[in-house]
Amino acid sequence: MNKPELGGFQGVDVTPLIEITDLRKTFNPGTDMAVEVLKGISLTIHPGEFVAIMGASGSGKSTLMNIIGCLDRATSGSYRFNGRDVSALDADELAQLRREAIGFIFQSYNLINTASATENVEVPAVYAGLPADARHRRAEELLGRLGLSDRLGHRPHQLSGGQQQRVSIARALMNGGQIILADEPTGALDSRTGAEVMVLLNELSAEGHTVILITHEKDVAKRARRMIEIKDGLVVADSGRDGQADVAKASARLTEAGNRHDGSPWGDLGEATSMALRSLRANLFRTILTLLGIVIGVGSVVAMLGLGEGAKRAVVEQIGSMGTNLLLVRPSAPWQRGQGGTTATMVPADAEAMSALPNVIAAVPELTGNVTTRFGNIDYQTQANATWPELPEVRSWPVAQGTFFTAEDQRSYASVAVLGQTAYQQLFPDCSDPIGQYVLMKNVPFQVIGVMSSKGANAGGNDTDDVIFVPLSTGSLRLFGQRFLRSITVAVKDVALIDITQDALTELLKARHGSEDFNIRNMAAVVETASEAQNTLTVLLGSVAAISLVVGGIGVMNIMLVSVTERTREIGIRMATGARTRNILQQFLIEAVVVSGLGGVIGVLGGIAAALVISAVGMPVEFTLLPIVLALAVSLVTGLVFGFAPALKAARLDPVVALASE
């Protein structure tokens, strides 16, 4: 005689189909609350039999049914199904057996409240891997056969008790229903509807289904062709083997079950996603609450990083507006050197010497000071900058109108001036053409020959455009009365060699001055330092915002745990109809990931919108793709991480306990 493996019921000349020997079940074993419910049950059931297991409440019949249906395990004894020792099967193998061979009909129907009649019937086929079109057709055929063609899209609360029980029967038949386990199938029905259900069970038996009916009603038990009575956990009566069982038909149904294969993991994933979305849609308010924490978290991260990047860009642009290829040389103040003296140490000849160094484009001396300027009846205090003609090139500051003064103007002590934008607007408020006009500075007339383009505020927030440029020779003689410089700006050709050039400048000035009475600011280094500082600030802002994302993740976990508790019976139903551990795990994980992902998308859009509103009041904002992608990725990972514990809790539920929950 062949001993077929699970999933291979070929060669089904197996007798008996169910063989139970000295089966015992004790709840809470090893404790003071231990209760022995089954005390040594032995029985055999053959393919095609219609058996009624009868007993009063508390006799152990439902416990026996749970063990026969592979929802529960015996404490001791032997249970062989079609020649295979069931005690050797793990949880997923038990699920496979339920999926392939067993269909359940429960007293309380145990339908999924959020699913339609068709969707409820399809559940076993989903876990069996039947293609969507095929299972839709079969579900509709079964419901039509049971008189529910006009109720396909109705949910359980829209159906009567008898209609719900018919949906339950159709579900039991979805994968073939080789064995029908009916637990008090008429208990919640009126007598007429109960009689109709018993007629259906007789018809199923005649078609080759092995029907095992659990009941406490003798009249119902008599409708079966074999009666087994249980009392106090023992078999006290057995009418004997059902002689009318159609073994050939029953064997054909077992063969059909053995030829069915599980679905692919990818198919399982797709179905789990579909069911997860359906569940989220059915519990919309809870879904919105779950979304909220992620939306706030992701939105905060995106907005904060956008503000941080904007602030970084603004600071770097302000500092870099002078040019990143510049070295700014200034005399050291006496208190900086820790000795007496003045800052009158740098002269134009120093700039000329610097210009001759390798990698130097130009060295531009500057002498600045505040002056009161007059044009017509307008007096305006601004800053005068006495410098060389190379300043526009070195400072990357083009002239907007007219021209800048020339080397000839410098040599001839020409009284010419070039206005910054702010000085121009203050002195010429009617925006008239200033070229050729004369302005007075310290009662010295200067002819305006140009207007600079707008430069904006510098890193310190000062208005760079509030200035008037004059030749160094003229300014030192007629405005300031001194030849000592405030600074020298050096432009280098190759920024990669700027540090070497800085060292060369240092050595040159030490040799010329005999001491280090100056300091050199490397603008490239300043920009880099400012950028690093802003990066740190951005990370800090992002980290603070990320805390809210973690809080949102904890919210996801809490809501999902509540969801598992609320849907415990649904989980039990899915397990009873053949769901593997991975199916339950996938479904709840996907629900968490979908919620987090959707929350991430909404959060990104909300964060961008919030940042744009903030930018409208003058705050600099800049968005880059990487933080947005990271925020979305983190939201998905948050759902995965924080959803895992609830999903694992759901996957590890005991089917019997889950089905018994309210």
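Remember, predicted model here, so these are calculated numbers, not experimental data.

Spatially, β6-β7-β8-β3-β9-β10 is the arrangement adopted by the 6 strands of the open sheet, whose pairing is mixed. Looking along the sheet, the strands with just one partner apiece sit at the ends: β6 (102-105) and β10 (234-238). For this sheet the average axis-to-axis angle between neighbouring strands, irrespective of direction, equals 20 degrees.

Among the secondary structure elements, Glu 622 is positioned in the loop between α20 (581-615) and α21 (625-651). Separated by 319 residues in the primary sequence, Glu 622 and Ala 303 have C-alpha atoms spaced 9.5 Å apart.

On to the pairing of strand β20 (residues 518-522), then. A regular strand carries its side chains on alternate faces of the sheet. Because side chains alternate across β20, one face comprises the buried residues Phe 518, Ile 520 and Asn 522, and the other comprises Asn 519 and Arg 521, none of which is buried. In terms of strand pairing, strand β11 (residues 326-331) meets β20 through 5 bridges, oriented antiparallel. The partner of Leu 327 across the bridge, within β20, is Asn 522.

Note: predicted coordinates in regions of low pLDDT should not be interpreted at a detailed level. This prediction gives the chain a mean pLDDT of 83; 86% of its residues lie at or above 70. For the chain, per-element mean pLDDT is lowest for helix α11 (residues 334-337), which scores 44, and highest for strand β15 (residues 416-419), which scores 96. Counting interchain partners and residues more than four positions distant, the pLDDT-below-50 stretch residues 1-13 has 30 contacts.

Grouped together as the largest cluster of nonpolar side chains are 64 residues, with contacts concentrated most on Ile 18, Leu 64 and Tyr 79. Excluding residues that lie within four positions of it along the chain, Leu 64 makes contacts with Ile 20, Leu 23, Leu 38, Ile 41, Leu 43, Ile 53 and Ile 230. Ranked by size, the runner-up nonpolar core spans 56 residues in total, among them Val 364, Ala 384, Ile 449 and Phe 518.

This brings us to the sheet that holds strand β5 (residues 84-85). Sheet architecture is open: 4 strands sit in the order β2-β1-β4-β5, paired in antiparallel fashion. Both outer strands of the open sheet, β2 (35-45) and β5, are each paired with one neighbouring strand and no more. Across the sheet, helix α1 (residues 61-68) touches β1 (18-27), β2 and β4 (76-81), and the angle it forms with β1 is around 120 degrees.

Quick look at unusual backbone geometry now. For Tyr 109, which is not glycine, the phi torsion reads 70 degrees and is therefore positive. Tyr 109 sits in the buried class, given a relative accessible area of 9%.

Along strand β8 (residues 210-215), 6 of the 6 residues are buried, which leaves the element largely enclosed by surrounding structure. Burial along β8 is two-sided: Thr 210, Ile 212 and Ile 214 facing one way and Val 211, Leu 213 and Thr 215 facing the other are all buried. In this sheet, β8 lies alongside strand β7 (residues 179-183) in parallel orientation, the contact comprising 5 bridges. Within the sheet, the bridge partner assigned to Asp 183 lies in β8 and is Ile 214. Traced from β7 through helix α6 (residues 191-206) to β8, the parallel crossover comes out right-handed.

Between its first and last C-alpha, helix α4 (residues 132-145) extends 20 Å over 14 residues, near the 20 Å set by a 1.5 Å rise per residue. Buried residues of α4: Arg 135, Ala 139, Leu 142 and Leu 143, and no others. Projection of α4 onto a plane perpendicular to its axis shows the buried side chains occupying an angular sector of 95 degrees, all on one side. Turned more than 90 degrees off the buried face of α4, the exposed positions are Asp 133, Arg 137 and Glu 141. Positive backbone phi, at 80 degrees, marks Gly 147, one or two positions downstream of α4.

Quick look at the side chain of Asp 517 now. Relative to the helices and strands, Asp 517 is located in the loop between α17 (498-513) and β20. A distance of 2.8 Å separates polar atoms of two side chains, one belonging to Asp 517 and the other to His 513.

Looking now at the packing of aromatic side chains. Counted by the stated rule, this structure contains 6 aromatic pairs. Where Phe 104 meets Phe 106, the ring centres are 5.5 Å apart and the plane angle is 5 degrees; that geometry is what we call stacked. Each member of the pair, Phe 104 as well as Phe 106, is classed as buried. Aromatic rings pair up to connect Trp 397, Phe 404, Phe 405 and Phe 469 into one cluster.

Moving on, we get to the pattern of salt bridges. The tally for this structure, following the rule as stated, stands at 18 salt bridges. The closest approach of N and O atoms between Arg 226 and Asp 238, which form a salt bridge, is 2.8 Å. Placement of the pair is Arg 226 in strand β9 (residues 226-231) and Asp 238 in strand β10, with a sequence separation of 12 residues. When its relative accessible area of 3% is taken as the criterion, Arg 226 is described as buried. Look at Asp 238 and you get partly exposed, because its relative accessible area is 39%. Each of Arg 567, Glu 570, Arg 574 and Glu 591 takes part in one network of salt bridges that share partners.

Considered as a void within the structure, the second largest pocket measures approximately 350 Å³ in volume. Forming the boundary of the second largest pocket are 20 residues, of which Leu 111, Asn 113, Glu 566, Arg 569 and Glu 570 lie nearest the centre. Listed by contribution, the elements that provide at least two residues to the lining of the second largest pocket are α18 (523-566) and α19 (568-576). In terms of residue count, the dominant contributor to the lining of the second largest pocket is α19 (4 residues).

Looking now at the side chain of Thr 63. With respect to the helices and strands, the residue Thr 63 is situated in helix α1. Discounting chain neighbours no more than four positions away, the residues touching Thr 63 are Lys 25, Phe 27, Val 37 and Leu 38.

Moving on: a nonpolar patch on the surface. Together, Val 637, Leu 640 and Val 641 make up a nonpolar patch on the protein surface, roughly 260 Å² of accessible area in all. For Val 637, the location among the structural elements is in helix α21.

What counts and how
Residues numbered from 1 in each chain as written. Predicted model: local features only at pLDDT ≥ 70, side-chain atom pairs only at ≥ 80, totals over all residues. Heavy atoms only, no water. Pairing = 2+ DSSP bridges. Helix = DSSP H or I, 4+ residues; strand = E, 2+ residues; numbered from the N terminus. Axes fitted to C-alpha atoms, helices over the stretch in contact; angles between N-to-C directions. Buried < 20%, exposed > 50% of the residue type's maximum accessible area, 1.4 Å probe, protein only. pLDDT = per-residue confidence, 0-100. Contact = heavy atoms within 4.5 Å. Core = buried A, V, L, I, M, F, W, Y, C linked by side-chain atoms within 4.5 Å. Right-handed = clockwise from strand over helix to strand, strands pointing away. Expected span 1.5 Å × (residues − 1). Arc of directions from axis to C-beta. Polar contact = N/O pair within 3.5 Å; in protein donor to acceptor, adjacent residues only side chain to side chain. Phe/Tyr/Trp six-rings, centres within 6.5 Å; stacked < 30°, edge-to-face > 60°. Salt bridge = Lys/Arg side-chain N within 4 Å of Asp/Glu carboxyl O. 1 Å grid on protein atoms, 1.4 Å probe; cavity = no way out; pocket = protein on both sides within 12 Å on 5 of 7 lines; lining within 4 Å. Points joined across faces, edges and corners; volume = space filled by probe spheres on them. Patch = residues over 30% accessible without salt bridge, like charges linked within 9 Å, V, L, I, M, F, W, Y side chains within 5 Å. Areas by Shrake-Rupley, 256 points an atom, 1.4 Å probe, with all protein chains shown as cover.

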